Amino acid sequence: MKPESKSNQNVDRRSFIKAAGAATAFTIVPRHVLGGTGYVAPSDTVYIAGIGIGGKGESDLTSCAESMHAKISLLCDVDDRMAVKSRENFPEAKYYKDFREMLEKEHKHIDAVTVSTPDHTHAVVAMAAMQLGKHVYVQKPLTRSIGEARALTKAAKQYKVVTQMGNQGASEEPVRRMKEIVDAGLIGEVTQVYAWTNRPVWPQGIPTPAGKHEIPVELDWDLWLGPARHIDYNPAYLPFNWRGWWRFGTGALGDMACHIMDPVFRILPIDYPSEVECSVTAAYEGFFQVARYVESCPSSSIIHLKFPRTNGKGIVNLTWMDGGLRPRMPEEISADDEVAHMSNGIIFEGTKGKMIENYPNDPLLFPRTLMSEIENVPKTEKRVPEGHYVSWVEACMKGYGESDLSSKFEYAGPFTEAVLMGNLAIRSYQYELNESGDSSYPGRKKLFWDAGNMKITNFEPANEFVMQEYREGWSI
């Protein structure tokens, strides 16, 4: 499928055959007979470029390639070391180091792009692709900042492209069954949710790396930095530990909340959060000497979000915990129960009972007597048997507006904004108030959010973190 075939003035091959079949009585010979076993015509192929092809990027591409309609035709990574396996997996794909050069030279030869780069470059890469009319699959979190998430959501509609965020559990069975259980009223009206993760499993709450280091020849450090302010190369950031630094990542919350908190937004009738507050673990660099590691995400945090119900009837409170912190388990769960040791989980507290998901497994209901009622709950939600990746490829085949994907930006954008409200609170908590160099933590200050204007109304310094700053030559 070439980009030009999307014009309203052209009739694609499939539409032509369908029309001809209605007007005549000829027999259509199956395509695989004409082209051999497994043959897919070029007009039925989605040509995909992978940007950021190491680690998660590699699995993103191999998962997309499970679709018979997918052709991985271009690869791009700023670090040749990270690109090795994907280049072996797709030897026919042309390789680039700079995504801007690739899009400029090859945009006529691709239909879609996967973006699996570090968080701080998601928005600039995805926006560049969408502006060229390319469908995009973007890893979670969708963006590093709230403003970027709002911008990508608007762009998806403006450029009429098929979009999907990389929270794969959104297309799996457990979250759909959870929605059916809540909709059936088994646990009553949900008023409180707890979500938690054992992340970070990388260093956080630590001093900023220092020292001069030689840049590996395989790495284009300036391209890796992208829109971030220039700093000297340090191996402490690569290939994965960038997640723990505000300059590049979004910490434990950004890594896992788009997975674990997805049921909250998919199931409950909630809008953007109206309030947020937090507390974080203090680090000490000496006796009674609080460390001011404001560039590093904290080692653990607790975040409280308040969501108005869209029907105007009350609120839903959500508490997030990370770094090994967890809520109290229901009394029915014994200390030696496997569920009691969940590393990543979520609890819905309703007026009739509780629902727990040991992410990403099937839900459990408490009291346990409610479990026997699950089999009577009808399956009303659409399933995605082809999975998160293939469903996106198939939607790209059909075109904008023809498929209802699990995590299209219309959903993923506002969801990401709500998730990142937690980080806005954390960064406000860490905010340096005095220009003299003396730092002060505002403490658990409750922040009030005006979603329409993307603005904290009661603590102006917090608004510094709503939108990411870009160095010269980079923007969305």
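As a reminder, the structure under discussion sits directly above these lines.
Conventions we followed
Residues numbered from 1 in each chain as written. Predicted model: local features only at pLDDT ≥ 70, side-chain atom pairs only at ≥ 80, totals over all residues. Heavy atoms only, no water. Pairing = 2+ DSSP bridges. Helix = DSSP H or I, 4+ residues; strand = E, 2+ residues; numbered from the N terminus. Axes fitted to C-alpha atoms, helices over the stretch in contact; angles between N-to-C directions. Parallel < 35°, antiparallel > 145°, perpendicular 65-115°, else oblique. Contact = heavy atoms within 4.5 Å. Nonpolar A, V, L, I, M, F, W, Y, C, P; charged D, E, K, R; others polar. 1 Å grid on protein atoms, 1.4 Å probe; cavity = no way out; pocket = protein on both sides within 12 Å on 5 of 7 lines; lining within 4 Å. Points joined across faces, edges and corners; volume = space filled by probe spheres on them. Polar contact = N/O pair within 3.5 Å; in protein donor to acceptor, adjacent residues only side chain to side chain. Phe/Tyr/Trp six-rings, centres within 6.5 Å; stacked < 30°, edge-to-face > 60°. Buried < 20%, exposed > 50% of the residue type's maximum accessible area, 1.4 Å probe, protein only.

Read across the sheet, six strands follow the order β3-β2-β1-β4-β5-β6 without closing on themselves; strand pairing throughout is parallel. Each edge of the open sheet is held by one strand with a lone partner, namely β3 (94–96) and β6 (163–166). Sheet twist, expressed as the mean angle between neighbouring strand axes with direction ignored, is 20°. In terms of strand pairing, strand β1 (residues 46–51) meets strand β2 (residues 70–76) through six bridges, oriented parallel. Following the sheet pairing, I51 is matched in β2 by C76.

Contact geometry for helix α7 (residues 146–159) and helix α13 (residues 409–429): axes closest at 8 Å, N-to-C directions at 175°. Relative to α13, α7 is oriented roughly antiparallel. When α7 is examined against α13, the residues I146, A149, R150, L152, T153 and A156 are found in contact with a partner set consisting of F409, E410, G413, P414, T416, E417, L420, M421 and L424. Here the residues of the contact of α7 with α13 sort into nine nonpolar, three polar and three charged.

Let us now look at empty space enclosed by the protein. A full pass over the atoms with the stated rule returns three cavities of 30 Å³ or more. Here the largest cavity defines a volume of roughly 90 Å³. Taken together, 13 residues line the largest cavity, and the ones lying closest to its centre are G169, V175, H259, E357 and Y359. Contributing elements (two or more residues each) for the lining of the largest cavity: α8 (173–183), α10 (251–260) and α11 (262–267). Along the lines of polarity and charge, the residues of the lining of the largest cavity split into seven nonpolar, three polar and three charged.

Within the secondary structure layout, S296 lies in the loop between β10 (289–290) and β11 (301–308). Within the local environment of S296, its side chain forms a polar contact with the backbone nitrogen of I206, the two atoms lying 3.4 Å apart. If sequence neighbours within four positions are ignored, S296 has contacts with Q204, G205, I206, G244, W245, W246 and Q430.

This part is about the packing of aromatic side chains. Counted by the stated rule, this structure contains 14 aromatic pairs. Ring geometry for W221 and Y233: centres 5.2 Å apart, planes at 85°, overall edge-to-face. Here W221 is found in helix α9 (residues 221–225), whereas its partner Y233 is found in the loop between α9 and α10, with 12 residues between them in sequence. Accessibility classification places W221 together with Y233 in one group, the buried group. Between Y411 and F415, the aromatic rings sit 5.6 Å apart at their centres with planes inclined by 45°, giving tilted as the arrangement. Of this pair, Y411 and F415 both sit in helix α13, four residues apart, roughly one helical turn.

This part is about the pairing of strand β4 (residues 112–115). Both faces of the sheet carry side chains from a regular strand, because those side chains alternate between them. By the alternation rule, side chains of β4 split into A112 and T114 and V113 and V115, which are all buried. By the bridge criterion, four bridges tie β4 to strand β5 (residues 135–139) in an arrangement that is parallel. Counterpart to A112 in the pairing with β5 is H135.

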